Amino acid sequence: MSRRLDKSWVVFRSIENGEHDRCVDLFRRPDHSFGFEEFRRDAEDEGRWTPVQYYSGLSYGSEAEALAAAATVVGWLAEALAARPLR
């Protein structure tokens, strides 16, 4: 799981790709809106997760909406979800 930009956001799901070098974190904010961010694992940085793209300004009303939006903008996510459906 990655490091959060804002510590008040609660990460409730972290989805990694098959190579385990990318992840999307789905989070909930204190105002009960949802969002997501994409990270990559950097070998040069001792395997720490670093941001690929910030989507922090985007806000969704539900977990399902945030996940659907993430799957449309993060190229590998739809394939990862198809391989390992969420419960």
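Scoring rules and cut-offs
Residues numbered from 1 in each chain as written. Predicted model: local features only at pLDDT ≥ 70, side-chain atom pairs only at ≥ 80, totals over all residues. Heavy atoms only, no water. Helix = DSSP H or I, 4+ residues; strand = E, 2+ residues; numbered from the N terminus. Contact = heavy atoms within 4.5 Å. pLDDT = per-residue confidence, 0-100. Salt bridge = Lys/Arg side-chain N within 4 Å of Asp/Glu carboxyl O. Buried < 20%, exposed > 50% of the residue type's maximum accessible area, 1.4 Å probe, protein only.

Colleague: Before we go on, may I ask you to explain the environment of phenylalanine 36 in this structure?
Modeller: Mapped onto the fold, phenylalanine 36 is located in strand β3 (residues 34-42). In this structure the C-alpha to C-alpha distance between phenylalanine 36 and tyrosine 54, which are 18 residues apart in sequence, comes to 8.2 Å. Excluding its chain neighbours within four sequence positions, the residues that come into contact with phenylalanine 36 are Val24, Asp25, Leu26, Phe27, Tyr55, Tyr60, Ala66, Ala69, Ala70, Val73 and Val74.

Colleague: What is the right way to look at the confidence of the model for the chain in this model?
Modeller: Low pLDDT marks regions whose predicted coordinates should not be analysed in detail. Here the chain averages 83 in pLDDT, while 91% of its residues score no lower than 70. Mean pLDDT values for the elements of the chain range from 80 in strand β4 (residues 48-53) up to 92 in helix α1 (residues 63-73).

Colleague: It is not clear to me how the pattern of salt bridges should be interpreted in this structure. Could you clarify?
Modeller: A pair can form between side chains of opposite charge whenever their charged atoms are brought close. Taken as a whole and judged by the stated rule, the model has 2 salt bridges. Of the charged contacts, one joins arginine 13 and glutamate 63 as a salt bridge, the two residues approaching to 2.5 Å between their closest N and O atoms. One end of the pair, arginine 13, is in strand β1 (residues 10-16); the other, glutamate 63, is in helix α1, and 50 residues separate them in sequence. Since its relative accessible area comes to 29%, glutamate 63 is described here as partly exposed.

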